[in-house]
Amino acid sequence: MWWDERVSARFRRNLQPTLTYWSVFFSFGLCIAFLGPTLLDLRCQTQSSLSQITWVFFSQQFCLLLGSCLGGVFKRTLAQSLFALFASSLAISLVFAIIPLCHNVVVLAVVMAVAGLAMGCIDTISNMQLVKIYQKDSAIFLQALHFFVGFGALLSPLIADPFLSDTNCILSNSTANASSNLPHIRKSLVPHHPGNLSHYDLPMKGMVVTRVSYAFWIMALINLPVPIAVFFLLYKERMVPCFNGSSHPLLSADELALETRPVDKDELSPPVQRPQAAGGHADLLSCCQSKNFRGASYTYFAVHVTGALVLFMTDGIVGEYSGFVYSYAVEEPLSVVHKVAGYLPSLFWGFITLGRLISIPVSYRMKPATMVFINVVGVLITFLLLLIFSSSVVFLFVGTASLGLFLSSTFPSMLAYTEDILQYQGCATTVLVTGAGIGEMVLQLLVGSIIHDRGSYSFLVCGMIFGCLAFTFYALLVFFHRMYPKPSPGKKAPALSPVFGVEGR
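Residues numbered from 1 in each chain as written. Predicted model: local features only at pLDDT ≥ 70, side-chain atom pairs only at ≥ 80, totals over all residues. Heavy atoms only, no water.

Under an unreviewed UniProt entry, the protein chain has the name MFD4A protein and belongs to Formicarius rufipectus. Taken verbatim from the UniProt record of the protein chain, the Sequence similarities (unreviewed entry) comment is "Belongs to the major facilitator superfamily." The UniProt entry for the protein chain carries this comment under Subcellular location (unreviewed entry): "Membrane". (UniProt positions renumbered as here; feature names shortened; annotations may be inferred.)

Quick look at the overall build of the protein chain
Across its full length, the protein chain carries 23 helices and two strands. Across the 505 residues that make up the protein chain, the buried fraction comes to 60%. Sequence separation of at least 24 residues holds for 82% of the intrachain contacts in the protein chain that already meet a minimum separation of 6. Accessible area for the protein chain stands at about 20,200 Å²; split by element, carbon and sulfur atoms hold 69% of it. (Helix = DSSP H or I, 4+ residues; strand = E, 2+ residues; numbered from the N terminus. Buried < 20%, exposed > 50% of the residue type's maximum accessible area, 1.4 Å probe, protein only. Contact = heavy atoms within 4.5 Å. Areas by Shrake-Rupley, 256 points an atom, 1.4 Å probe, with all protein chains shown as cover.)

Overview of helix α5 (residues 55-70)
Taking 1.5 Å as the rise per residue, α5 with 16 residues should run 22 Å; its terminal C-alpha atoms sit 23 Å apart, in good agreement. Residues of α5 that are buried: Val56, Phe57, Ser59, Gln60, Gln61, Cys63, Leu64, Leu65, Gly67, Ser68 and Cys69. (Expected span 1.5 Å × (residues − 1).)

Comments concerning the packing of aromatic side chains
One pass over the full model with this rule turns up 24 aromatic pairs. Arranged with centres 6.3 Å apart and planes meeting at 75°, the rings of phenylalanine 348 and tryptophan 349 form a pair that is edge-to-face. For the pair formed by phenylalanine 348 and tryptophan 349, the shared burial category is buried. Every member of this aromatic cluster is reached through a ring pair, and the members are Phe11, Trp22, Phe26, Tyr134, Phe141, Phe147, Phe148 and Phe151. (Phe/Tyr/Trp six-rings, centres within 6.5 Å; stacked < 30°, edge-to-face > 60°.)

With respect to the packing of helix α7 (residues 105-134) against helix α8 (residues 138-160)
At a minimum axis distance of 9 Å, the contact between α7 and α8 shows a crossing angle of 155°. With respect to their mutual orientation, α7 and α8 come out roughly antiparallel. Crossing of α7 against α8: the hand is right-handed. Residues Ser126, Asn127, Leu130, Val131 and Tyr134 of α7 touch α8, and the partners they reach there are Ser138, Phe141, Leu142, Leu145 and His146. In terms of residue class, the contact of α7 with α8 is made up of six nonpolar, four polar and no charged. (Axes fitted to C-alpha atoms, helices over the stretch in contact; angles between N-to-C directions. Parallel < 35°, antiparallel > 145°, perpendicular 65-115°, else oblique. Left-handed = near helix turned anticlockwise from the far one by under 90°. Nonpolar A, V, L, I, M, F, W, Y, C, P; charged D, E, K, R; others polar.)

Re empty space enclosed by the protein
Counted by the stated rule, this structure contains two cavities of 30 Å³ or more. Its volume calculated, the largest cavity comes out at about 400 Å³. In terms of lining residues, the largest cavity is bounded by 27 residues, among which Phe28, Ile32, Asp315, Arg356 and Glu440 are the most central. Among the elements of the structure, α2 (15-32), α5, α8, α16 (298-330), α18 (343-365), α20 (393-408), α21 (410-421) and α22 (428-454) are those that each provide at least two residues to the lining of the largest cavity. Broken down by element, the residue count for the lining of the largest cavity peaks at five residues, all from α22. For the lining of the largest cavity, the class distribution of residues is 14 nonpolar, nine polar and four charged. Counting contributing residues per domain, the lining of the largest cavity is built from domain 1 (13-170 + 206-241) and domain 2 (297-486), each supplying no fewer than three. (1 Å grid on protein atoms, 1.4 Å probe; cavity = no way out; pocket = protein on both sides within 12 Å on 5 of 7 lines; lining within 4 Å. Points joined across faces, edges and corners; volume = space filled by probe spheres on them. Domains from an automatic or database assignment.)

Details of the side chain of asparagine 223
Take asparagine 223: it is sitting in helix α11 (residues 213-223). The class for asparagine 223 is buried, based on a relative accessible area of 0%. In terms of polar contacts, asparagine 223 uses its side chain to reach the backbone carbonyl oxygen of serine 89, at 3.1 Å. Those residues in contact with asparagine 223 that sit more than four places away from it in its chain are Ser27, Leu30, Ser89, Ile92 and Ser93. (Polar contact = N/O pair within 3.5 Å; in protein donor to acceptor, adjacent residues only side chain to side chain.)

A closer look at the environment of glutamine 60
Within the secondary structure, glutamine 60 sits in helix α5. Spatially, the C-alpha atoms of glutamine 60 and methionine 119 are 9.1 Å apart, while their sequence positions differ by 59 residues. For glutamine 60, the contacting residues outside a window of four places in its chain are Cys31, Ile32, Leu35, Met112, Gly116 and Met119. At a separation of 3.3 Å, a polar atom in the side chain of glutamine 60 contacts the main-chain carbonyl oxygen of cysteine 31.

Notes on a nonpolar patch on the surface
A cluster of nonpolar residues, Trp55, Phe58, Phe62, Leu66, Leu70, Val73, Phe74 and Leu117, forms a patch on the protein surface that exposes about 690 Å² of accessible area. Among the elements that make up the nonpolar patch, the one with the highest residue count is α5 (five residues). If you trace the backbone, tryptophan 55 turns up in helix α5. Its relative accessible area of 56% is what places tryptophan 55 among the exposed residues. (Patch = residues over 30% accessible without salt bridge, like charges linked within 9 Å, V, L, I, M, F, W, Y side chains within 5 Å. Salt bridge = Lys/Arg side-chain N within 4 Å of Asp/Glu carboxyl O.)

Considering the pattern of salt bridges
Taken as a whole and judged by the stated rule, the model has three salt bridges. Across the pair arginine 6 and aspartate 137 runs a salt bridge whose closest N-O atoms are separated by 2.7 Å. Of the two residues, arginine 6 is situated in helix α1 (residues 5-13) and aspartate 137 in the loop between α7 and α8; the sequence distance between them amounts to 131 residues. Note on aspartate 137: relative accessible area 8%, which makes it buried. Notably, a salt bridge pairs aspartate 137 with arginine 10, separated by 3.1 Å at the nearest N-O pair. Of this pair, aspartate 137 sits in the loop between α7 and α8 while arginine 10 sits in helix α1; the two residues are 127 residues apart in sequence, bridging distant segments of the chain. We note that aspartate 137, like arginine 10, is buried.

Here's the deal with the environment of phenylalanine 411
With respect to the secondary-structure elements, phenylalanine 411 resides in helix α21. Note: C-alpha distance between phenylalanine 411 and alanine 308 (103 residues apart in sequence) is 9.9 Å. Each residue touching phenylalanine 411, except ones within four places of it in the same chain, is listed here: Asn127, His146, Leu311, Asp315, Leu432, Val433 and Ala436.

A word on the side chain of serine 458
Within the element layout of this structure, serine 458 appears in helix α23 (residues 458-483). By relative accessible area, serine 458 is classed as buried at 10%. For serine 458, the contacting residues outside a window of four places in its chain are Ile450 and Ile451.

Remarks on the environment of valine 111
Examined against the element boundaries, valine 111 turns out to sit in helix α7. Through-space distance from the C-alpha of valine 111 to that of phenylalanine 96 is 9.3 Å; in sequence the pair is 15 residues apart. With near-sequence residues (within four places) excluded, valine 111 lies in contact with Val95, Ile98, Ile99 and Cys102.

As structure tokens, then:
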């Protein structure tokens, strides 16, 4: 195996919880990508206008962010975390099953809001629990975790595609004219952002002929093994009330891993260096309590903030690029035909998934800080070349694939790096997940309004600016890492990289 026996043994000891967290993140990916291609059929099902149905995007994304903020509430015991994951993954299956029964757009928005809350909890809890289990070895397992969300995001549109309407799914006198716009509108409804569709006129009354219900029921069945897997983990840990009423105070799997692990430097650090030591990883509300700030150095806050800002920019780039690359491609000067331009978002997400798969073995040999450095520099160079060759359709496809590769491992690498700096105390996981979610929402809205006012070329200019800011915040993070309090003299300090100042593996 390409990793050493110590990591392999630790993985075998924690095999069931690790596979369970990976499978739950597959549910996250399955739920995040289906809405774009199916939204027109859902518009027919609810007999709503395009402007009304696109609010479903907002309800999902807003509640996803809210769920990410609140997910840390369930961190105190393994039982709380697993019950939250069980409820969230089961809720996603129920959402898939209920969507075909939603014939009112408000009801559909409420159902998608529930899905967003479940996805937010999954995002925070799964990342947090893997970091708790593996700590210094968490980078490789976080890369695998984020591969599964990409895999789910690729799978759900493929499941939906055979059941999408080829013509307008509401039959009326204007069907023939409206159907000619359908392929263009459907490609505009990519995940994360619906685009500007107000100038398209589609019928709202008539006979509904959509078959998209079958796609959602298939996805509900595919996702059903996930809550079952979480239930089996609860049963194994004796946390199912009807079998054992006791609750384990902390991760039992983590405790097993700690039995053969040397004492970590955070266990010997003075209290002033670990303001979150009592509670470990906290929810966002707990992080903001003033009692947790007593005795903390300014670098403690700076690491949290700069790490979150890097992900604010990089996840924001993922959202705005996948949301607007199609609209950019079909406009002048490129004027790509709509069918060809429709492959760009799929290419982008496909290379994100491929990059996450490649990053699994790479992350074992390469330090997280080095991976983040390569990622942000790669994003910066890609946008620079896209600007230089802005009239080349071929390089747009090459640049889209390159951007997907460089952005693919940024989140798990940044999470592993920041947790290393903070010695697995503080609120890094919660703050970084929240910062990434806010960036994905805010930068999409910002870029959408700029493109509307300044034209399609501003799409690449915005990406270049966001890339520069991501690199700047990363440089600040490295600076604050060097300033962060070192371990106590009672433990030998680990060797530091001369470039990035990170602990060698």
